[in-house]
Structures are given as C-alpha cells and as structure tokens.
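The chain contents come next:
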Amino acid sequence: MRIELSNAFERLGNVLIYGTQKVYALDAGPEGPNHPNDKYFVVRKVANEQSWNVEQEMVIVVPIKNEKLKLLEGVITGIPHNCLIIVVSNSDRDDVDRFNMEKNVVENICHFSKRDFLIVHQKDPEIAELFESMGYADILGEDGLIRDGKSEGMLIGILLTQLLQKKYIGFIDSDNYFPGSIYEYVRIYSSIFSLSKSDYTMGRILWHSKPKAINSNILFSKWGRVSRLTNYYLNRLISLYTGFETDIIKTANAGEHCISMNLAMNMDFGAGFTVEPYNYINLFEKFGGVDKLTNQSDNGNKVVHIHQVESRNPHLHESKGNEHVNDMIDNSLGSIFHSLICPLELKKELIKELKKAKIILQNEMPVKRAVYKALGLFDLNKAKQKFDPDKFGHMLTTV
Ligand code: GDD
C-alpha cells in the first residue's frame, strides 16, 4: 500500500490526532530499493512483506448479530491471509440456531482458504467464566453471561487477542457488502502499524463514501446523521479546551478501527454503540491531561497516536432504520455528555441538539451507558489458566 503521511495534527495533552490520510495505491509491490527521495516523500510505501509481517501479529475481530450469512462469508473472504480471524457472535440460537450456521460458513471458508480462526458465542458460559475468573464482573448480566451489545462482543475479542499474545487488533463489521473494502481496511490497519513510531497507536477508517439509492440514482454520500453530529461535538470538546476551533475529528463513529494491544489493554470501553465515540473520550480522559480525576498517572509519558485514513472503496452495509440511527445518536452524544471532562457549556449544547432532533423529551437526559474498565487492570493470569482455544472450534494449523 502507498499511504499519505499526515502533515497536520491536533494535540490534546498526550493525544495526537492526525489529519485525514489518503491511500495512493492499494498495492505498493514488494520490498526493494527505495526511490532516493523516499525519506522526504509525503507518500510512504508499505511493501507487501511489511504488511504480511504486521498481519501475522494481528487479530481481526468480526462482531455479528443476526446478519445475512452471505455477508459474513464475503467479510471472511476479504480478510488478508496472515490475520487471525475471531468471530464473536451474539446471534439467535433459539428457533433456528444461527450461530451454528455462522460456524459452518466460517469453517467452510477457512477450510478451503487454509486460514486460522476462532468463533465464539457471546453467551457461551465458558467465555463468561474467563471474565469472571479475572474479577471482571461488570460485563456479566444477571444471568451470569456476557451482556448484549457490540462493545461487549468487542471486549471478548480484545481479551482473546491478549490471551493469544497478539500485538494488534482490528475490528470489521459483519454487515458489509464489499469483500474488497474489507481487504483495503485491513491493509490500512497494517500500514498504520507498520509506519507508526508509537506502541500506543489507534487507526480509524473514514469511509470514502456510503452509496445510497435515491430515485433510481446512486448517491455516494459521505456523512451520515450520526457521524456528522458526533464529529462536530467531539471537535467542539477539543475546541473548548484548546481555545481554537477544529474539525480534525472525522471518524467519531468509525466501526472499522484498529488498536495496538498495549493501548487497547489500557483503555476503558463504552457499552453498546457508545464504543467508538467513547474511544476518543476515554483517550482524552486518560491521556489528555485535562482532568486530574480521570487522568491516570502511569500513563503520564505515553503519547497516543490516532491516525484517520480515508479508504478508496465505498462502504455498503445494511441499513437498520431511523430508530436505530436515533439510538446511536443518543448513545454517541450521551457518551460525551456523561464524561467528567465535558464542560457545562457543551452539556447544554448537547441537550439542545438532542431535543431539537426529538431524541429526548423536555425533562430527559441523554442516555447514560456503562463504561467497562481497562482489561489490563485485572488478573489476566487467571483467565490464561482457564483459556483453551481448542474449545472454541479453532484451527491453528495453517498449511
Ligand atoms: N457480537 C455482537 N454482539 N455483535 C453485534 C451486536 C452484539 O450484541 N450488535 C451488533 N453487532 C454487530 C452487527 O452484526 C454488525 O456487524 C456490527 O456489530 C455493527 O452493528 P450494526 O447494528 O450494523 O451497526 P451500524 O451499521 O448501524 O453501525 C456501525 O457503523 C457505525 C458508524 O456509522 C457500527 O459499527 C457502529 O458501531 C458505528 O458507530
């Protein structure tokens, strides 16, 4: 891949947010003598071998809940070969066991493509036991099983990635219609890690466009209602601390993102669909140096690098309706509102916005979702003793 270096960044304490970077070539060819100017060139080459090396240490987590099997099949097909795939499903098992069907699809594709994979169900008691063994009780519901939610599924993925001692994790939604876009997203992840100089790195994909059919024409729209609002208010939060207006954040709701495991183990995660915007909030809380209450002293000299890369492929995924979108707006803005670092002025603006959109009523507050503490604070050895990848239908024998 050839990828642009960003020449601009915004800084909040020890969080560096780079301006959007573009992809200049999906394939940059093999390693070879560099062009004499390469060192000073703003577009960097990540040779295929470099991508493969990073991908060897990367897990791709695919959260899924009752999606079309054809889409899951395409997603798995798009993930570059060296990555370990972990599918975390919260699909129905009652009348028709959808999880079983998903397992068949994943096993089949991975068998013929000779891939490594794990597939787990969010409600598997053995997964709950892993969390319980290390004292991580917040994620367990009254039934003793992992709570519902995309974030909760992602946390399972992070724990398994840590137990498998991989260095990087990337997330890919399972409702994507274009396998080629998946390939590009993962190549962007490995390029980011390959070029990054920090072991506290996060990468976030800015979709090139989201095609929609309007009056028999295709419109390649860029921003949805959720991301427009969440980007605006996260940027507003930065402005209120720095005194300078900014529009640096373009990936507030990026479902497709990647994190170095050193960083992921030190981050708190917001429940459900607060997960992506809360990434930013939590990094500001922990590394931004803006609030002594939330800032953790052992993060003092760690600098977090956030890279936002614009893909070349359009993103076509399932459309889940207006109610779902409103819920995501409430979750996203609520995650900003309820943070200890949210200034009063911004809280008032958020309430006004949510009332204007009729998402909350006159006397209501934005939804407050749980926050799950960083996994690194818990006794991982206990989970390690219990963890047996063989139980999760894996195949760690790449031929
Ligand atoms: N394991 C698991 N558990 N997966 C889930 C759950 C759950 O409880 N709920 C949803 N998922 C999976 C879905 O199957 C899908 O693959 C992915 O999580 C995203 O869920 P969607 O319901 O399709 O969300 P969306 O497409 O509206 O929103 C996506 O894009 C947003 C950016 O526009 C999500 O990735 C959001 O998190 C993101 O902010």
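Here's a quick rundown of the structure. Note that this is a predicted model, so its numbers are computed, not measured.

## Things to note about the site of the ligand
Here is step 1: Around the ligand, the surrounding shell holds 21 residues, and the nearest of these are Glu67, Asp173, Glu276, Lys320 and His324.
Here is step 2: The contact in question runs from an oxygen atom of the ligand to an N or O atom on the side chain of asparagine 90, over 3.1 Å.
Here is step 3: A distance of 2.7 Å separates an oxygen atom of the ligand from a polar side-chain atom of serine 174.
Here is step 4: Protein coverage of the free-state accessible area of the ligand, which is 730 Å², stands at 92%.
Here is step 5: More than half of the atoms of the ligand fall within 2 Å of the grid points belonging to the largest pocket.

## Some words on the layout of surface pockets
Here is step 1: Of the volumes computed, that of the largest pocket is approximately 1300 Å³.
Here is step 2: Lining the largest pocket are 47 residues, with Asp173, Asp175, His317, His324 and Met328 positioned closest to its centre.
Here is step 3: Elements that contribute at least two residues to the lining of the largest pocket include exactly β6 (58-64), α5 (150-163), β10 (201-206), β11 (210-214), α7 (225-242) and α10 (322-337).
Here is step 4: Per-element tally for the lining of the largest pocket: the top contributor is α10, with four residues.
Here is step 5: For the lining of the largest pocket, the per-class residue count stands at 14 nonpolar, 18 polar and 15 charged.

## Points about the pattern of salt bridges
Here is step 1: Scanning the entire structure with this criterion turns up 13 salt bridges.
Here is step 2: Arginine 93 is the partner of aspartate 97 in a salt bridge, and the nearest nitrogen-oxygen pair spans 3.0 Å.
Here is step 3: Its relative accessible area of 23% is what places aspartate 97 among the partly exposed residues.
Here is step 4: Here glutamate 349 ties to arginine 236 by a salt bridge, and the two come within 2.7 Å at their closest N and O atoms. Highlighted residues: glutamate 349 in helix α11 (residues 344-356) and arginine 236 in helix α7, separated in sequence by 113 residues.
Here is step 5: The class of arginine 236 is buried, set by a relative accessible area of 18%.
Here is step 6: A network of salt bridges, in which partner residues are shared, links Lys150, Asp173 and Glu276.

## Focus: the packing of helix α4 (residues 125-133) against α5
Here is step 1: In the contact formed by α4 and α5, the axes pass within 11 Å of each other and the chain directions differ by 70°. One finds that α4 runs roughly perpendicular with respect to α5. For the pair formed by α4 and α5, the contact residues are Ile127, Leu130 and Phe131 on the first element and Leu155, Ile156, Leu159, Leu160 and Leu163 on the second.
Here is step 2: Looking at side-chain class alone, the contact of α4 with α5 contains eight nonpolar, no polar and no charged residues.

What counts as what
- Residues numbered from 1 in each chain as written.
- Predicted model: local features only at pLDDT ≥ 70, side-chain atom pairs only at ≥ 80, totals over all residues.
- Heavy atoms only, no water.
- Near = heavy atom within 4 Å.
- Polar contact = N/O pair within 3.5 Å; in protein donor to acceptor, adjacent residues only side chain to side chain.
- Areas by Shrake-Rupley, 256 points an atom, 1.4 Å probe, with all protein chains shown as cover.
- 1 Å grid on protein atoms, 1.4 Å probe; cavity = no way out; pocket = protein on both sides within 12 Å on 5 of 7 lines; lining within 4 Å.
- Sits in = over half its atoms within 2 Å of the grid points.
- Points joined across faces, edges and corners; volume = space filled by probe spheres on them.
- Helix = DSSP H or I, 4+ residues; strand = E, 2+ residues; numbered from the N terminus.
- Nonpolar A, V, L, I, M, F, W, Y, C, P; charged D, E, K, R; others polar.
- Salt bridge = Lys/Arg side-chain N within 4 Å of Asp/Glu carboxyl O.
- Buried < 20%, exposed > 50% of the residue type's maximum accessible area, 1.4 Å probe, protein only.
- Axes fitted to C-alpha atoms, helices over the stretch in contact; angles between N-to-C directions.
- Parallel < 35°, antiparallel > 145°, perpendicular 65-115°, else oblique.
- Contact = heavy atoms within 4.5 Å.

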